Amino acid sequence: MESNQQIIAKGIFKSYKDVKALEDISFSIPRGELFGFIGPDGAGKTTLFRILVTLLLQDKGEINLFGLDSRRDFRKVRLMTGYMPGRFSLYQDLSVEENLTFFATIFGTTIKENYHLIRDIYSQIEPFKKRPAGKLSGGMKQKLALSCALIHKPELLVLDEPTTGVDAVSRKEFWEMLGNLKKLGITIIVSTPYMDEASLCDRVALIQDGKIMQTDTPANIVSSYSAPLYAIRSEKMHKLINDLRTFPETASAYTFGQYIHLTLTPTAKAEDVVGFLSEKNHTGLEINTISPNIEDCFMNLMVK
Amino acid sequence: MKRLRGFIIKEFYHIFRDYRTMVILFGLPVVQVLLFGFVLTNEVKDANIAVLDKSKDAETMNIINKLTSSGYFMLNAVLESEDEVEGVFQEGKVKQVVIFEENFAKTLKNEGRARIQLLADASDPNTAQTLVNYTTAVVNTYLAEKAKSEGKQLLIDVVPKMLYNPAMEASYMFVPGVIAIVLMLISSMITSISIAREKELGTMEVLLVSPLRAGQIIIGKVVPYVFLSFLIAATILLVGRFVFGVPINGPLGLLLAESLLFILLALSLGILVSTVSKTQQTAMLISLFALLLPTILLSGLIFPIENMPLLLQYISHAIPAKYFVIILKNIMIKGTGLESVWFETIVLGGITLFFILLSVLNFKKRLE
């Protein structure tokens, strides 16, 4: 694929004093993809995004965004990028409309010119356009921030945890909007700590402690999950997880909703666990083989 | 250009939305001027005066009557010769002596112009100034009444002379001083806070990734505050002029131009502060301790520089407000023009240029 049709990161390193924030991050994202970085807080997502939008300089490595070098051509990169930082970063004392007008102006455009891009999103908050941005609900703030990031018709949209702190309904709406933007050909890079959102991306990279552990489509990540996964419950859940962690054949055990998800070392079988738990006087024992979801994959990778 | 305009409009929204800060910005200087002024000014009521009337005619009698019936003055002594003047002041019996020249009424009638000499005890400079102002006012009212009834324009020159403190240092000092303090405070602190706020709230991240250049962000931040600071400087000058009668003897245009220069200087300092502070609080503390306190203590506003230890005298050369106060004093009180303050102007201009360059260079296009 030609370099101006994709974003390529090669061997990105970044440290803050003694802390290694990013270690050898490499990926490539073709134009028009909805790409997700999934990882817990402190994994390095925000640092990576700031480097992507040229706010920070990497210590080592190169990023090429559609043919532009993130270091050398940083002004051009800024022009074609729409960035939504993790924190709500609009002017709280300015009204919805004033915020949007301001961002349109500093990018040298007008609301009218690119209204078609934001119509679906902005029309939902337009009834409140005279309201100060600080007085909007969490979901509406995100919609406004997205509108502001879109107003200059960016080719690339970088969204740092856009759905953190937003209610479930608004989150769902937000992802629908991203789907629509993707149809317009905009490349979207998004980060989230929510595993359930991973399946909504075209491809995801699982990131932890500044390293990418796996990059693939959500379906492939799930299907590459090797070991059988068991969901276990009993009447005494707390004792159950402690006991499971003392079981020598346990590879991983973690609470997942009402169940404990368990993987075993390759040699062990489900019957061994049942036997072990019966000795520990567990009653109401229930054990099922289940198919893993993204979160299981992530937990699995974390243990490794 | 359009981008810059959009940015400036946004800054004005911030300023006008935050009405509490606005009240402080305009209230503080006024309160300070009034406070300084009234703390230094004694209420003048029934002040003891003496009269030396070398003419003893109808006009002088009338004027003396007007003075004593005004409620401001009490006639304490009637003097016969100038030798007695020193005595009554020394005894502390009177605050002011009014001297009528010989043939007062005759001169007034024939030449249409006569002289009254005022001697005021300026060891208490504010009271002295107030007494002189009151006396002048009474005499002028008398003349106005006379002009009305007789249809003749007459002139009486009231010639005040300040004894013991002819330069009246303390009394006028506070207005130039307050202008310097307030401009330093508002221009530097408010600008630095407004930039630090963008960093704190995360909006700076978005501004930085926008195509706005460092220079545009800085100009956008500075322009609204130049405007605001200028209004405030004018407010202080007006309050000083009309509440306390602080004169503006020199050219007004030059005075305003010098104020503008000082405002720019303070703003560039504010931007410099903001480039090193990440939060609004840090910005406030730095401007308070690094800018405001030296301004108050070392610029000669409160403590005369000549009385300071040698080391502090040297340090005071680095305090921009010192030069500004010298300029203000020269223009406002001594009434001189650019020829007497060119050196200070060049110093201020140089410092301003230096700090503006430094802050533009120091302004980071990235987050680190």
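On a predicted model such as this, the values are computed, not experimentally measured, just so you know.

The rules behind these values
Residues numbered from 1 in each chain as written. Chains lettered and ligands numbered in written order. Predicted model: local features only at pLDDT ≥ 70, side-chain atom pairs only at ≥ 80, totals over all residues. Heavy atoms only, no water. Contact = heavy atoms within 4.5 Å. Buried area = accessible area lost by both parts, 1.4 Å probe. Salt bridge = Lys/Arg side-chain N within 4 Å of Asp/Glu carboxyl O. Helix = DSSP H or I, 4+ residues; strand = E, 2+ residues; numbered from the N terminus. Nonpolar A, V, L, I, M, F, W, Y, C, P; charged D, E, K, R; others polar. Domains from an automatic or database assignment. Polar contact = N/O pair within 3.5 Å; in protein donor to acceptor, adjacent residues only side chain to side chain.

Contact residues are listed per partner, giving 27 residues for chain B and 31 residues for chain A. When residues of chain B are sorted by the area they lose upon contact with chain A, Glu205(B), Val209(B) and Arg366(B) head the list and together hold 25% of the total. The interface formed by chain B and chain A holds 2 salt bridges in total. Across the pair Glu205(B) and Arg50(A) runs a salt bridge, and its minimum N-O distance is 2.9 Å. When residues of the side of chain B that touches chain A are assigned to their parent elements, the largest contribution, 8 residues, is made by helix α1 (residues 2–17) of chain B. For the side of chain B that touches chain A, the per-class residue count stands at 10 nonpolar, 5 polar and 12 charged.

A word on the domain arrangement of chain A. Residues and elements named next belong to chain A. Considered domain by domain, chain A is made up of domain 1 (5–221) and domain 2 (225–302). With centres defined by C-alpha atoms, the gap from domain 1 to domain 2 works out at 37 Å. Contacts between the two partners involve 12 residues from domain 1 and, on the opposite side, 7 residues from domain 2. Both faces considered, domain 1 and domain 2 share a buried interface measuring about 840 Å² in area, 81% of it formed by carbon and sulfur atoms. A per-residue breakdown of the area domain 1 buries against domain 2 is headed by Met195, Met213 and Ile221, which together make up 54% of the total. Across the contact surface, domain 1 and domain 2 share 0 salt bridges. At the boundary of domain 1 and domain 2, one finds 0 residue pairs in polar contact (both at pLDDT 80 or more). Elements with a minimum of two residues in the side of domain 1 that touches domain 2: β9 (203–208), β10 (211–216) and α7 (218–223). Considering each element in turn, the side of domain 1 that touches domain 2 owes the most residues, 3 residues, to β9. Residues of the side of domain 1 that touches domain 2, tallied by class, amount to 9 nonpolar, 3 polar and no charged.

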